[in-house]
Structures are given as structure tokens and as C-alpha cells.
Amino acid sequence: MTIYHTGRQRQDADLPMSEAERKARVELAACYRVFDMLGWTETIFNHITLRVPGPEVRFLINPFGLLYSEVTASNLILIDLEGNSLRPSRWPVNQAGLVIHSAIHGAIATAHCVMHTHTTTGCAVAGLKDGLSHDNFYGAMLYGRVAYHDFEGITVDDGEKERLVRDIGDKQAVILRNHGLLAWGESLSQAFQVLRIMQRACDVQIATASAGAPNPIRREVFEQTVRESSIAEKRTCDDMYAALVRQVDARDPTYRN
């Protein structure tokens, strides 16, 4: 199995760091610390990627080998769709992260941010035959909004990219069956809100399963709940996420380095 991506380090000498990239680096590093604070981590595994604005598709990814609590703005790796590192780094890129995230960034123009987790309840729901239940407050917001992609083994084969993108379509909430959760958004805060709602839906679903049969929600209520969901409300996504970043800043602002 290929764990590390073997693409070359281009390290373009004439590649200046734009203000947009500097801002993206701080924004993404903060997100890794938010995930760490929430416990959405799997030691050095899983990824959050953020596209750097510009004509070419280039995005930032975490160095493979560091805990989320060790990620900083300066040690994030800038790569292209082939996984080539565009700046010097002593850390490699995880092949599975490259396959999943480059597939989405490369195929979905509005996928500015992509997030993937292996939380316990997320993996539990991903392993259920019927997948995510919509019969709770959070699940109802995702009615008709969830895509599913069948498990094909560790995601290190480029051949899976086309099938993954096909299964995702235009849905921002994705369950990788027998694997975990994935979300993407037009902004980092929107992707986070999609993932947060999906994660909470999984938490409540697993808790409910241990208590008894869920009370079903009527179809017309699903449709109303989707309309009223905060996913499309930029102000709500931004404000909710900013509150978590403030918590991180109060604990340890070194991610900005």
C-alpha cells in the first residue's frame, strides 16, 4: 500500500507568497486547531484542505506526520492537483488525502474547502446499511442533501477519483460507506457547518439507537427544515465558526506562526 505521495517537490523559486495564500494558511491552521479542540482527530491521519485563490488549482494540506495540534500556518504544504509540493517541506503528503481531496478540488469548482473525518459515531453511521437517519433535528437538515460512496479499500488509487466525484454530484455532505464523513463548501466556514451538522446527526442517531426506536418526522417537515437550515446562511456559518476560532485563540494562538 502506498501511504506517502511520491510527487516531486517543485519548490518554484519564482513563486511569491501572495497575501491570499498567507491568509489561507492562517485560516486553515486555525481549523486544524478547532478540530483538535472538538476531538475530531485520528492522530496524524485525515485531512482538511483549502484552495488558495488564483487561476491554478492549488491547495493547502496538513503535513503527514504531525498531529492537528502541531499544524501551523507555516508548516502547511501547498500542492497542485498531482500532489507536487510547491514549496520546500520536510514532511510528505498522505496519498489517501491527495486522492480524495484533489479529486474534489479538481472536479468541483466551488469546492474551496474539503474536510474528512473518522469520528467514532461518523464511522458507525457510515457502516450502517441504511446510512444516516433524518429522524432527528440535525439529520432533518440534511434530508436529500447526503451523497454516498461505496468503500473500495484505502483510498490510494487514482482510479477511484472519477467514481468518487460521480457519487458526490452536487451534494456537500458525503458519507464514505464503511469509512467516515466528508464535507465540502464554498468557504471553510460553510464546509465546517455542513460537517458539524452531519457529525451531530450521527451523534444523536447513535445515542437514539441505544434508547429505542426514533420518532419519525413527516415528509413536509423535512422539506421545511432543509429550507430553514443554516448551511446556506453565510452570516450564520461565519459567526458560528468564528466563535470556535476565538476559543482556540484563547487557548493557544501559536497556529498563526
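Structure shown above.
Residues numbered from 1 in each chain as written. Predicted model: local features only at pLDDT ≥ 70, side-chain atom pairs only at ≥ 80, totals over all residues. Heavy atoms only, no water.

A closer look at the overall build of the chain
A count of helical and extended segments in the chain gives eight helices and seven strands. In summary, the chain has a C-alpha radius of gyration of 18 Å against a globular reference of 18 Å for 257 residues, a match within 12%. By residue count, 49% of the 257 residues in the chain fall in the buried class. By sequence separation, contacts in the chain at least 24 residues apart represent 69% of the contacts at least 6 residues apart. Total accessible area on the chain is roughly 12,100 Å²; 51% of this is exposed by carbon and sulfur atoms. Charged side chains of the chain number 27 positive and 31 negative; the gap between the two group centres comes to 3 Å. (Helix = DSSP H or I, 4+ residues; strand = E, 2+ residues; numbered from the N terminus. Rg over C-alpha atoms; globule rule 2.2 N^0.38 Å. Buried < 20%, exposed > 50% of the residue type's maximum accessible area, 1.4 Å probe, protein only. Contact = heavy atoms within 4.5 Å. Areas by Shrake-Rupley, 256 points an atom, 1.4 Å probe, with all protein chains shown as cover. Lys, Arg positive; Asp, Glu negative; His and termini not counted. Charge placed at Lys NZ, Arg CZ, Asp CG, Glu CD.)

What to know about the pattern of salt bridges
One pass over the structure, following the stated rule, counts 14 salt bridges. We note a salt bridge from arginine 177 to aspartate 150, for which the minimum N-O separation is 3.6 Å. Remark: aspartate 150 occurs in the loop between β5 (146–149) and α5 (160–168) and arginine 177 occurs in the loop between β6 (173–176) and β7 (180–185); sequence separation between them is 27 residues. The partly exposed category is assigned to arginine 177, whose relative accessible area is 21%. In this structure, arginine 163 and glutamate 152 form a salt bridge, with 2.8 Å as the shortest nitrogen-oxygen distance. Residue arginine 163 is located in helix α5, and its partner glutamate 152 is located in the loop between β5 and α5; the two are separated by 11 residues in the primary sequence. With relative accessibility at 30%, the residue arginine 163 sits in the partly exposed group. (Salt bridge = Lys/Arg side-chain N within 4 Å of Asp/Glu carboxyl O.)

Regarding the nonpolar core
Of all hydrophobic cores here, the largest spans 49 residues; its most connected members are Phe35, Ile48 and Met115. Apart from residues no more than four positions distant in its own chain, methionine 115 is found in contact with Cys31, Phe35, His47, Ile48, His101, Leu181, Leu182, Ala183, Leu188, Ala191, Phe192 and Leu195. Ile100, Val114, Ala147 and Leu176 belong to the second largest nonpolar core, which has 13 residues in total. (Core = buried A, V, L, I, M, F, W, Y, C linked by side-chain atoms within 4.5 Å.)

What about the environment of cysteine 202?
Tracing the sequence through the fold places cysteine 202 in helix α6 (residues 188–209). Sequence spacing of cysteine 202 and threonine 110 is 92 residues, and the spatial spacing of their C-alpha atoms is 26 Å. What cysteine 202 contacts, discounting residues up to four positions off in sequence, is Thr121, Gly122, Val125, Leu132 and Leu181.

Focus: empty space enclosed by the protein
One water molecule sets the probe size; rolling that probe over the atoms shows where empty space is left. One pass over the full model with this rule turns up one cavity of 30 Å³ or more. When its volume is computed, the largest cavity comes out at roughly 70 Å³. As for the largest cavity, its lining consists of Ile100, His149, Asp150, Phe151, Glu152, Gly153, Thr155, Glu160, Leu164, Leu176, Arg177 and His179. Residue composition of the lining of the largest cavity, by class: four nonpolar, four polar and four charged. (1 Å grid on protein atoms, 1.4 Å probe; cavity = no way out; pocket = protein on both sides within 12 Å on 5 of 7 lines; lining within 4 Å. Points joined across faces, edges and corners; volume = space filled by probe spheres on them. Nonpolar A, V, L, I, M, F, W, Y, C, P; charged D, E, K, R; others polar.)

Some remarks on the packing of aromatic side chains
Counting across every chain of the model gives nine aromatic pairs. Plain terms: the ring middles of phenylalanine 35 and tryptophan 40 are 5.1 Å apart, the flat faces sit at 80 degrees to each other, and that makes the pair edge-to-face. Given a relative accessible area of 11%, tryptophan 40 falls into the buried group. One aromatic cluster is present, formed by Tyr32, Phe35, Trp40, Tyr68, Phe192 and Tyr241 through successive ring pairs. (Phe/Tyr/Trp six-rings, centres within 6.5 Å; stacked < 30°, edge-to-face > 60°.)

These figures come from the coordinates and say nothing about function on their own.
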